[in-house]
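Structure assessment
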Amino acid sequence: MSRFPSESEVFVGNAAATRRRAQFTVSLTEGISASVSGGLAGGQSGEEKHGEAAWPAAKVGGKAQGLRRLVEEGFLVPPAFCVTTDAFAHFTQPLMAGVETLDGLREAIRELSFPPDFVEEITRQLKRLGGDSFAVRSSALEEDQLEHSFAGQQLSVLNVSSPEGVLRAICEVWASLFGLESLLYRAQMGLDVVPRAMGVIVQRMVHPVAGGVMFTVDPLHFDGDEMVISSAAGSAETVVGGGATNTYYLDKASAYVRRHISAAREEEGNKSDEPQDSAGKGVHLTEQQIAVLVEAGRRIEAIFGSPQDIEWAWGEQGANRHEPGRLYFLQTRPITAPTGAAEASSVWTNANVGEALPGVATPLTWSIIHRFSRKGFEQAFGTLGLAVPAEFELVREFRGRVYLNLTQFMTVASGIPLLKPETLFAMAGGGGVDLVRDRYEKRSARRFWLKLPTTVPKIIAAQLSMPVVAPVWGKYFTEKCEEFFDRDLRAVSRERLRAELAQIDRLFDRTGLVMLTTSSNFLMSYVVTRELLRLWGGAESADRERELFGGMQVKSAEPGLALLELGRILRRSYRLRKLVAETPAEQVHATLVAQSAHEDVASFLAALDDFREEYGHRAPREAELSTPRWREDTTFLFEVMKSFVAAPYLASSLQLERERRRAQEVSSEIVQKAFLPGLRQVFELVLKVTRGNAQLREYMRDRVVDSLDIYRRYFLACGHHLVRDGFLREAEDVFYLTYEEIRAWLASDERGAEERAVAGQFAVRVLVRKAVQEQYRNQPDPPDTFLLRGHEMIAEEEIGVRVQTGADENEGVYLELYGLPGSSGRVTGRARVIHDPYREDAVILPGEVLVAPYTDVGWTPLFLTARAVITSLGGPLSHACIVAREYGIPTVVNAKRATEVIQTGDVVTVDGDRGVVYVRRS
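None of the values given here were measured: they were computed from a predicted structure. (Residues numbered from 1 in each chain as written. Predicted model: local features only at pLDDT ≥ 70, side-chain atom pairs only at ≥ 80, totals over all residues. Heavy atoms only, no water.)

1. Describing the pattern of salt bridges
This is how it is decided: Salt bridges are defined by distance alone: a side-chain nitrogen of Lys or Arg within 4 Å of a carboxyl oxygen of Asp or Glu. Secondary structure elements are defined from DSSP: runs of H or I of at least 4 residues count as helices, runs of E of at least 2 residues count as strands, and each element is numbered from the N terminus. Only protein chains enter the accessibility calculation, which uses a 1.4 Å probe; a residue is then buried when its area is under 20% of its type maximum, exposed when over 50%, and partly exposed in between.
Applying the stated rule across the entire model yields 49 salt bridges. The salt bridge partner of R496 is E500, with a shortest N-O separation of 3.5 Å. One end of the pair is R496 and the other is E500, both in helix α17 (residues 494-537) and four residues apart, which spans about a single turn. Residue class for R496 comes out partly exposed when judged on its relative accessible area of 36%. By relative accessible area, E500 is classed as buried at 2%.

2. What about the sheet that holds strand β17 (residues 401-405)?
Keep this limit in mind: A pair of strands is labelled paired if DSSP reports no fewer than 2 bridges between them. To obtain each axis, a line is fitted to C-alpha atoms, and for helices this fit is confined to the stretch in contact; angles are then taken between N-to-C directions over 0 to 180 degrees.
One open sheet accounts for five strands, arranged β16-β17-β15-β18-β19; its pairing is antiparallel. Edge positions in the sheet fall to β16 (395-398) and β19 (792-795), since each of these pairs with one other strand and no more. The average angle at which neighbouring strand axes cross in this sheet is 40°, direction not considered. Two strands pair when backbone bridges link them, and β16 and β17 are joined in this way by four bridges, in the antiparallel orientation. Residue pairing for β17: R396 is matched across the bridge by Y403.

3. Digging into the packing of helix α5 (residues 102-110) against helix α7 (residues 163-176)
Selection rule: Under this scheme an angle from 65 to 115 degrees is roughly perpendicular, one under 35 degrees roughly parallel, and one over 145 degrees roughly antiparallel; angles in between are oblique. Left-handed is the label given to a crossing in which the near helix is rotated counterclockwise from the far helix by less than a right angle, and right-handed is the label when the rotation is clockwise. In what follows, a contact means two residues having at least one pair of non-hydrogen atoms within 4.5 Å. Residue polarity is assigned by list, with Asp, Glu, Lys and Arg as charged and Ala, Val, Leu, Ile, Met, Phe, Trp, Tyr, Cys and Pro as nonpolar; anything else, Gly included, falls into the polar class.
Across the interface, α5 lies against α7 with an axial gap of 8 Å and an inter-helix angle of 160°. One finds that α5 runs roughly antiparallel with respect to α7. Where α5 crosses over α7, the handedness of that crossing is right-handed. Here α5 contributes R106, I109 and R110 to the contact with α7, which in turn contributes R168, C171, E172, W174 and A175. Looking at side-chain class alone, the contact of α5 with α7 contains four nonpolar, no polar and four charged residues.

4. Some details on the sheet that holds strand β5 (residues 134-140)
Pairing is antiparallel across the open sheet formed by five strands, whose spatial order is β1-β4-β7-β5-β6. At either end of the open sheet lies a strand with only one pairing partner, and these are β1 (25-27) and β6 (156-160). Within the sheet, the average angular offset between the axes of one strand and its neighbour, ignoring direction, is 20°. Relative to strand β4 (residues 80-83), β1 runs antiparallel, the two being bridged by three bridges. Directly across from T25, in β4, lies its bridge partner V83.

5. Here we look at unusual backbone geometry
The backbone of N159 shows a phi angle near 55°, a positive value even though the residue is not glycine. Here N159 shows up in strand β6. A relative accessible area of 48% places N159 in the partly exposed class. Residues other than glycine seldom take positive phi values, yet R897 does so here, at roughly 65°. Positionally, R897 belongs in the loop between β26 (891-893) and α29 (898-901). By relative accessible area, R897 is classed as partly exposed at 29%.

6. Quick look at the nonpolar core
Rules: Definition of nonpolar core: a set of buried residues of the types Ala, Val, Leu, Ile, Met, Phe, Trp, Tyr and Cys, connected through side-chain atoms within 4.5 Å.
If you look at the biggest cluster of nonpolar residues, it comprises 74 residues, and the most contacted ones within it are Y711, Y714, F715, I742 and W745. With twelve residues, helix α25 (residues 679-724) is the largest single contributor of residues to this core. Once you skip the residues sitting within four places of it in the chain, I742 turns out to touch L364, F715, C718, V734 and L737. One finds L570, M641, A866 and Y887 within the second-largest nonpolar core, a separate group that totals 65 residues.

7. As for helix α4 (residues 85-96)
Our working definition: Multiplying 1.5 Å by the helix residue count minus one yields the expected span of that helix.
The end-to-end C-alpha distance of α4, which contains twelve residues, comes to 15 Å, matching closely the 16 Å that a straight helix rising 1.5 Å per residue would cover. Of all twelve residues in α4, nine are buried; the element is thus mostly enclosed. Among all positions of α4, only T85, D86, A87, F88, A89, F91, T92, Q93 and M96 are buried.

8. Overview of a nonpolar patch on the surface
Applied cut-off: Patch definition: residues with relative accessible area over 30% and no salt bridge; like charges joined within 9 Å; nonpolar side chains (Val, Leu, Ile, Met, Phe, Trp, Tyr) joined within 5 Å. In these tables, accessible area is a Shrake-Rupley quantity obtained with a 1.4 Å probe, and a residue counts as shielded only by the protein chains included in the view.
A cluster of nonpolar side chains, namely L535, W536, L676, L679 and V682, defines an oily patch on the protein surface of about 460 Å² accessible area. Going through the elements one at a time, α17 and α25 are the ones with two or more residues in the nonpolar patch. Relative accessible area serves as the criterion here: at 39%, V682 is assigned to the partly exposed category.

9. Topic: the environment of T101
Rules: In the analysis that follows, any N or O atom pair within 3.5 Å is treated as a polar contact, provided that within protein one partner can donate a hydrogen and the other can accept it, and provided that, for residues neighboring in sequence, both atoms belong to side chains.
Residue placement: T101 occurs in the loop between α4 and α5. Accessibility expressed as a relative area gives 42% for T101, which makes it partly exposed. For the pair T101 and L767, spaced 666 residues apart in sequence, the C-alpha separation works out to 5.9 Å. Within polar-contact distance, the side chain of T101 engages the backbone nitrogen of G104 at 2.9 Å.

10. Remarks on helix α16 (residues 446-485)
With 40 residues, α16 extends just 49 Å between its outermost C-alpha atoms, more than 12% less than the 58 Å of an ideal straight helix rising 1.5 Å per residue. Listed in full, the buried residues belonging to α16 are F448, T455, I459, A462, Q463, M466, A470, W473, G474, F477, C481 and F484.

11. Focus: the side chain of S872
By the secondary structure assignment, S872 is in the loop between β25 (868-871) and α28 (879-887). Residue S872 is classed as buried on the basis of its relative accessible area of 7%. At 3.4 Å, the side chain of S872 and the backbone nitrogen of A898 are in polar contact. Discounting residues that sit within four places of it in the chain, S872 has contacts with D784, A852, P853, N894, A895, K896, R897, A898 and T899.

12. Remarks on the environment of V907
The residue V907 is located in strand β27 (residues 907-911) in this model. Between the C-alpha atoms of V907 and T828, which are 79 residues apart in sequence, the distance is 7.0 Å.

Put into structure tokens, the structure is as follows:
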């Protein structure tokens, strides 16, 4: 029997193992550890010698492991026991599938009722500890690690005085594992946002004269020769909570006090004589106390093999305050290296990849894109004889957005001779040239030259074969696509679903690889075209480079043109015009169906059905699997058509054809003027190949979008199965699982308790990921390009925006934004800022300028009534730019902060030749 998933042992528990033997509490401070089941799961009770078998990390968590090690090494730790992760799993697992929100999950954990057996066991353990009050602290599996400490992320409850209070505190600590701040911290650290299990430490409270924290290295500068000790009256909580303290900066070797900062004054040198305390003030430590602490710190650092953050407490209240008393250690954990110390800085950008997959990506989408992106880069660089190192992570997500590692990308690309970062980034639309220039490893071109005898034939073969291979594969793909959509997978067996996924994966991978080949062909031929234009045609011709690629009749322009034809049908009928104009966009289709007895309505619906049959796989943010497609949701289409109704006129197909021919004539004119005979014929051939490659790229990208729609339909069918079997609340929740998790579920045959455990896992993963994603969507986007040091994002210096105030106060404010030329022309109009067409009305009134963070092909129907387009992301080779050239719309892309700086209603002038936007605000 297969087991799914292996993480279940450390999150919601392995149900079979729990039935056999459960450890719900273990002693931390005695020489033996009690393995107690409390009769809850049929496990054995009694005592066994402590050791690795009784102390697996998955049972007690990081903090408890640290305390146990201190006890074994002879340090004094207040009596304590640990409520294990088995207990967490046993009591929280039944709650997972029964709550609807993260808040609901935390509340359900807080309100847990424990059976008498467990209450009796906790009471017995408390009696063994002795004392009149207790501290209840978190000990999560990933807490107190070298890479991430989770300091302050989980709850500690102090001075609990009864067994009932301890049980409530345990619930509070468990619930804190799912606090939003803790989950976001996990994401910031690069961990899975779904937490693993939690142990809980119950420790007898000590009431010290002084308490504090000791860092065995300076935590700010990581100076290995210096220790830092902070002390306060009473418990260490005063120090941890930011109260008044005395802080000592010490020479680690000699314990000499280099610097002492008291709550009231700063002193130099070792001036401490007597302990002095008062309410709210720090406590001076004696030389003897400092020496003992430093010696203990050195030992603990050596034992754990890394610098430590140690919490300590000295002496009991009522003891002779002129004597050292007993020194207790309450916790020790590794000091997390300061930002940037653990890894070299790197430059990241989403200027190009963010256009392909903009905004916050759901876990399912990200897992598929991440899986495929590695193959894509390996193929693209492999075509040129270059290799992507196994340790490189070229694509990563930050706050749910997809970014490219420019540092690693340029390290690999530097093996291509004569390729400058400026050239590469200008084509891709990215920034970061100055940031990345000295931050990547410049590699020898030796491998490129050695591989050239084999790569050149491959490149030539790809250029020659793709005009045949791409259409043939596209036809085969379309047949498979039609077969898929004729099948209903909601009622088939899990085995059939497994086989179906294998077929879809093969179809997607092959389609994606053909698309990548056409993209590589286009990029290579484009570089050649660009360089020949610059070298043979001169600077003036090079400035008109974009005009060479107009009038190409690319696949990505077709949906907008077909929608325009629907708009013309719509405008011929008064009934249709009135209905579309006056009905909310989300209700138009249902209203049309209700009135389909009218001939004009029926005719329009038939045309709309044809449109959705051909282009229904498209949508804004179409790379995101959770996005409804046009065949599912017509709201966006009718928002666009509302603007068609309002437009004074719509361009006819004859006008568009004339524009296309004019663009082709302009291209021919540039070539005729720029090149001498002989060179002209060579350039025309290269240009023809490049234009053909651009068309093939757009054609294959359309097929990839279609395959993503297949994935969407398939995973929604999986979602229906998961809802039916009690794993999910609704089918759309499947998008908050990952590809690997769904594959593991398909491969499993768990039943009974094991399957219920998996259902609990799925439920909590969906809750956690939904909450984190919603938080991401409500946060500002990370910088488009930034330097990453450790976990700190350092934004690229904001350049490209200049604000100029008019000489006359009545003239208002003028702004200039600099981006990249996308499509030629210069126009002026009022801005319409749209961030997300699914959250805002996507209506562009005639003459308005569309301002958007990005524009994938799904947005391009909006171009048909827009006077111009401005985007914050993207490059001149993007799909949207190619479509804009087809429609003859001036476009500026990569205008940083455009959606922040420009407001709806501003008068903007778009210069698509220079890549500049002028903004006037009264």
